[in-house]
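A closer look at the structure
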Amino acid sequence: MHNTSGIADEDPGGTAPRAPGPPPAELRTLVRDCLDEVDALVDRYVDEVSAFDDYRCSVPLQDLRETARACFEMLLRMIGGLPVTRELRETPQRLGRRRARQGVPLERLLQAVRMDFRVLWEVFTERTPPEGLPQLTLSAVRVWEAVEFHTVEAHASYLDEIAVQAREREREKAAMIGRLLSSDGRDQQLVSQAATLLQADLQDRFAVAAALPEAQQHLRRAAARIGADAAHLHQHHGMLLLLARLPQDRRELPSDWLAGVPCAVAPVAGGLHRVPAMVRVAEAVAASLDGRASGPVPLSEAWMPLAAARLGDTGALLADSVLGALEALPDHERERLVATVTAYCDSGSVAETTRRLYCHRNTVLNRLGRFTELTGLRATRPAEAATILFALRCARAHPSWASAQQYP
């Protein structure tokens, strides 16, 4: 069976467009003549394309000539219905990948590739006598389809290579961020390399947030809102970290960046070298969250559960020394006393406590007095209130002690 696809039998997997029947004898002769003098097409093409700034700066002249020769040979063979080897068939893919690696903009590549049509058509018309032009015009579709096939393949390969480069940059960036976060921030060369990959200045300020698995999707959406130029996500120790570069005029985290995101937030890192320390803070805070966070939790709010968790057995001893006297109380009375003291410490107002607990002012005062009588600590004194609240947090941080005391 006659091969009309332009692909040789040794390349059965080719995807070149199928031409509408075999080419006219005149066109086949014209193609063979051009193949014999393909350097003339290359010279004409190179003269045009080398005028492009993007090509002149990025593509060596010898490279341009070699790729043009391969492209014209492939196109001429396709147009003339001649065999095309697999290596020649893959010319557009190699061209697209090569130009992507050289940094030629995509729009310029496509302009250069489509110029093949103009060069071919000019040469064809120049070599065709006037009486043969009407017949040649009927073959314009064959020429255009061959060039369009070339363009589409080069375009797709260019995009594939750009995607590969992007993935490689992301892997490189992730590896570099991982090295930075595992360091103490004192290696200036490492910090400088990380700054280059993050497209940041060494003194830029960074917000650092950490989310446990159940909240990571929220943090991903927040990063998307902030934008890829400023926000970087990184998996670390089972948590998802967000490193977000603050605008030049900001010293604090913009309130809308993490609104509604359950996560731990470290103090702003003043300089990239401070990021590793802030990451450790954010991870520690995230590990201490009790799962009830509905938004970002800064260190200023989370220091108490964090400190309680890190005290270990000492925290249990503190809870026992402060709250042990409540052990003898019935469960309901102990719960009422603790609820009243907690509500009062939260607001510092008897009136607010009465509204929150739906009880009389005298009831609140009596419960506060009863708590002082049992523990020796007064919730109305800030220093003692802090001790009470911290002891309560330590009790919650040590379930064995809490369960033994039937403590809420």
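Report follows, based on the coordinates. In this text, all values refer to a predicted model and were calculated from it rather than measured experimentally.

Below, the discussion takes up the side chain of Arg99. In this fold, Arg99 is placed in helix 6 (residues 91–102). Side chain to side chain, Arg99 and Thr67 meet in a polar contact 2.9 Å long. Beyond its immediate sequence surroundings of up to four residues, Arg99 is in contact with Tyr55, Val59, Asp63, Leu64, Thr67, Val104, Leu109 and Tyr158.

Relative to each other, helix 15 (residues 331–347) and helix 16 (residues 350–357) sit at 130°, their axes nearing to 9 Å. As the angle between them shows, helix 15 and helix 16 are arranged oblique. Pair helix 15 / helix 16 crosses with right-handed handedness. For the pair helix 15 and helix 16, the contacting residues are Ala339, Thr340, Ala343, Tyr344, Asp346 and Ser347 in the first and Val350, Glu352, Thr353, Arg356 and Leu357 in the second. Of the residues assigned to the contact of helix 15 with helix 16, the class counts are five nonpolar, three polar and three charged.

With 45 residues, the main nonpolar core has Tyr45, Tyr55, Phe72, Leu120 and Phe124 as its most contacted residues. Listing elements by their share of this core, those giving two or more residues are helix 1 (25–36), helix 2 (38–49), helix 4 (61–79), helix 6, helix 7 (106–126) and helix 9 (140–181). With sequence-adjacent residues up to four places away left out, Phe124 is seen in contact with Leu27, Leu30, Val31, Cys34, Leu76, Ile79, Leu136 and Val143. Residues Met176, Ile177, Leu272 and Val285 belong to the second largest nonpolar core, which totals 30 residues.

Both the distance between ring centres and the angle between the ring planes are used here to describe each pair of aromatic rings. Evaluation of the coordinates by the stated rule reveals five aromatic pairs. Taken together, a centroid distance of 5.6 Å and an interplanar angle of 85° make the contact between Tyr45 and Phe72 edge-to-face. Of this pair, Tyr45 sits in helix 2 while Phe72 sits in helix 4, and the two are 27 residues apart along the sequence. You'll find Tyr45 and Phe72 in the same group, each marked buried. Each ring, one from Phe117 and one from Trp144, has its centre 5.3 Å from the other, and the planes form 85°; the classification is edge-to-face.

Let's shift gears to the pattern of salt bridges. Oppositely charged side chains can pair when the atoms bearing their charge come close. Summed over all chains, the structure comprises 25 salt bridges. The partner of Glu168 in a salt bridge is Arg171, with the nearest N and O atoms 2.7 Å apart. Of this pair, Glu168 and Arg171 both sit in helix 9, three residues apart, which is roughly one turn of the helix. The class of Arg171 is partly exposed, set by a relative accessible area of 49%. A salt bridge links Arg355 to Glu352; its shortest N-O distance comes to 2.9 Å. Residue Arg355 and its partner Glu352 are both found in helix 16; the two are separated by three residues, about one turn of the helix. Beyond isolated ion pairs, a larger network of salt bridges with shared partners links Arg44, Glu48, Arg118, Glu122 and Glu126.

The next thing to look at is helix 15. Taking 1.5 Å of rise per residue, 17 residues should cover 24 Å, and helix 15 covers 25 Å from first to last C-alpha, within 8% of that figure. Along helix 15, the residues that are buried comprise Arg334, Leu337, Val338, Thr340, Val341, Ala343, Tyr344 and Cys345. Along its buried surface, helix 15 packs onto helix 16, helix 17 (361–375) and helix 18 (382–397). Phi turns positive, to about 75°, at Gly348, one or two residues after helix 15.

Counting buried positions over the seven residues of strand 1 (residues 205–211) gives six, a clear majority of the element. Note that strand 1 and strand 5 (residues 269–270) share two bridges and pair antiparallel. Considered in strand 5, the bridge of Arg205 is made with Gly270. The sheet contact formed by strand 1 and strand 3 (residues 239–245) spans six bridges and is antiparallel. Across the sheet, residue Val208 finds its bridge partner in strand 3, namely Leu243. Where strand 1 lies against strand 4 (residues 263–265), two bridges are found, and the strand directions are antiparallel. Along strand 4, the bridge assignment pairs Ala210 with Ala264.

Definitions and cut-offs
Residues numbered from 1 in each chain as written. Predicted model: local features only at pLDDT ≥ 70, side-chain atom pairs only at ≥ 80, totals over all residues. Heavy atoms only, no water. Helix = DSSP H or I, 4+ residues; strand = E, 2+ residues; numbered from the N terminus. Polar contact = N/O pair within 3.5 Å; in protein donor to acceptor, adjacent residues only side chain to side chain. Contact = heavy atoms within 4.5 Å. Axes fitted to C-alpha atoms, helices over the stretch in contact; angles between N-to-C directions. Parallel < 35°, antiparallel > 145°, perpendicular 65-115°, else oblique. Left-handed = near helix turned anticlockwise from the far one by under 90°. Nonpolar A, V, L, I, M, F, W, Y, C, P; charged D, E, K, R; others polar. Core = buried A, V, L, I, M, F, W, Y, C linked by side-chain atoms within 4.5 Å. Buried < 20%, exposed > 50% of the residue type's maximum accessible area, 1.4 Å probe, protein only. Phe/Tyr/Trp six-rings, centres within 6.5 Å; stacked < 30°, edge-to-face > 60°. Salt bridge = Lys/Arg side-chain N within 4 Å of Asp/Glu carboxyl O. Expected span 1.5 Å × (residues − 1). Pairing = 2+ DSSP bridges.

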